[in-house]
Amino acid sequence: MIYLDNAATTFPKPSEVLDYVDWIQRNIAVNVGRGSYKAAKEAMSIVEDAKTLLASFLHTNSAQDITFAPSATIAANQIILGLGWDGWKNVYVTPFEHNAIMRPLEGVRDKYDINVFEIPFDPVSQELDEEEMLRKFSLNHPDYVFINHISNVTGTILPVDEISASAKKYGAVVVVDGSQSVGLEKIDLRVQKIDYLIFAGHKNLYASWGIGGFVSNSDYNLHPVLAGGTGSDSLNLSMSGFELGSPNIIAIASLKKSLEWINKIGLNTISDHKKQLMDILIDGLKGCPTKTYLPAQIEKHTSVVSFNVDGYTPSEVGMILDQDFDIAVRTGYHCAPLVHKLIGTEETQGTVRASISYFNTKQDVESLVKAIREI
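Here's a quick rundown of the structure. (Residues numbered from 1 in each chain as written. Predicted model: local features only at pLDDT ≥ 70, side-chain atom pairs only at ≥ 80, totals over all residues. Heavy atoms only, no water.)

1. Overview of the side chain of Ser 179
Here Ser 179 shows up in the loop between strand S6 (173-177) and strand S7 (196-200). Given the relative accessible area of 10%, Ser 179 is considered buried. At a separation of 2.7 Å, a polar atom in the side chain of Ser 179 contacts the side chain of Asp 177. Dropping the residues within four chain positions of it, Ser 179 is found in contact with Ala 72, Ile 198, Ala 200 and Lys 203. (Helix = DSSP H or I, 4+ residues; strand = E, 2+ residues; numbered from the N terminus. Buried < 20%, exposed > 50% of the residue type's maximum accessible area, 1.4 Å probe, protein only. Polar contact = N/O pair within 3.5 Å; in protein donor to acceptor, adjacent residues only side chain to side chain. Contact = heavy atoms within 4.5 Å.)

In structure tokens, the structure reads:
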């Protein structure tokens, strides 16, 4: 199988990660923070090491700023539902947001009748309309701003710093969904005006499923929305903090090892390899009967390309690629409803999405181009 659905989850994982997860599963897959015995302490040290590595990777102030969650979606819910809400709140989102953001916000809107505004982007160039954004901000001052760092549909890299700097002039809380960017783009929370950064372990961090979370880079106090056992202060029925239940030591261990692997390979090496493959893919698709949905400034693009083939629905293309060529891509709307209105693919049943990882090869992308030509 030629696997080109890495925006969903990277596959395969580094061999170092697979070997380490196997060792953890066989030797110290015990509850973290629930025992004073040797294995429990060793498991706890793995959690601490993973947070320390991630804190260094993102240049945050402390490993204590990191909250682990079962997924980026759970982390997004913890942040959104943990914010203060009333009917006067003005919320801004980009048209590239995933439903991990949009659906919790819709639940809040149903309950509090909040105002949700879309930050304007040009439908052709996919560039921020800064003048119109500033006008909107001035008329309805932003309280909370949500920014998808990299679109999982178009691969567009959004101007996070530009949007957040403007939002901060109004004292807004800025939440960045880094599910597609953490592990690919350089992020420095010491200088970036981000209050909360969401991450997903199983995507560009090359860890397993079951580990995501968020980084707090803010003085804002979220309130916990989930409650349960934490392994400490058990007689106190009040909930503090955001990590509860038995930590997924196996998934956390995979993140620890994948971060070590990324540090060894180098973020630039990974990014450069993916860019080279994406350039080949984009150039190849230009010679095919396809329409691609790329930003005008190609340097603001990475890892993902969405396209449609003349005369076929996305699902038909996906089925042909799978059955006739053993190529795995994603088709449809990709859990991102607003962007399809922006790029005009609501009526086409979405797009065909090809997304690459460090483990893809030139032959992989050339095989996809050849298959599209044959279709």
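2. Focus: the pattern of salt bridges
Per the counting criterion, the structure on display carries 14 salt bridges. Salt-bridge contacts for Arg 190 lead to Asp 188; the nearest nitrogen and oxygen are separated by 2.8 Å. Among the ionic pairs, Glu 366 bridges to Lys 362, the shortest N-O distance being 3.9 Å. Placement of both Glu 366 and Lys 362 in helix H11 (residues 362-374) is noted, with a separation of four residues, approximately one turn of the helix. (Salt bridge = Lys/Arg side-chain N within 4 Å of Asp/Glu carboxyl O.)

3. Quick look at the packing of aromatic side chains
Working definition: an aromatic ring pair is given by the centre-to-centre distance plus the angle between the planes. Under the counting rule described, the total for this entry stands at 16 aromatic pairs. Ring geometry for Phe 96 and Phe 121: centres 5.2 Å apart, planes at 85°, overall edge-to-face. With Phe 96 in the loop between strand S3 (90-93) and helix H4 (99-112) and Phe 121 in the loop between strand S4 (115-118) and helix H5 (130-139), this residue pair connects regions lying 25 residues apart in the sequence. Assigned by exposure class, Phe 96 and Phe 121 land together as buried. Arranged with centres 6.1 Å apart and planes meeting at 75°, the rings of Tyr 196 and Phe 214 form a pair that is edge-to-face. Highlighted residues: Tyr 196 in strand S7 and Phe 214 in strand S8 (residues 212-216), separated in sequence by 18 residues. Accessibility classification places Tyr 196 together with Phe 214 in one group, the buried group. (Phe/Tyr/Trp six-rings, centres within 6.5 Å; stacked < 30°, edge-to-face > 60°.)

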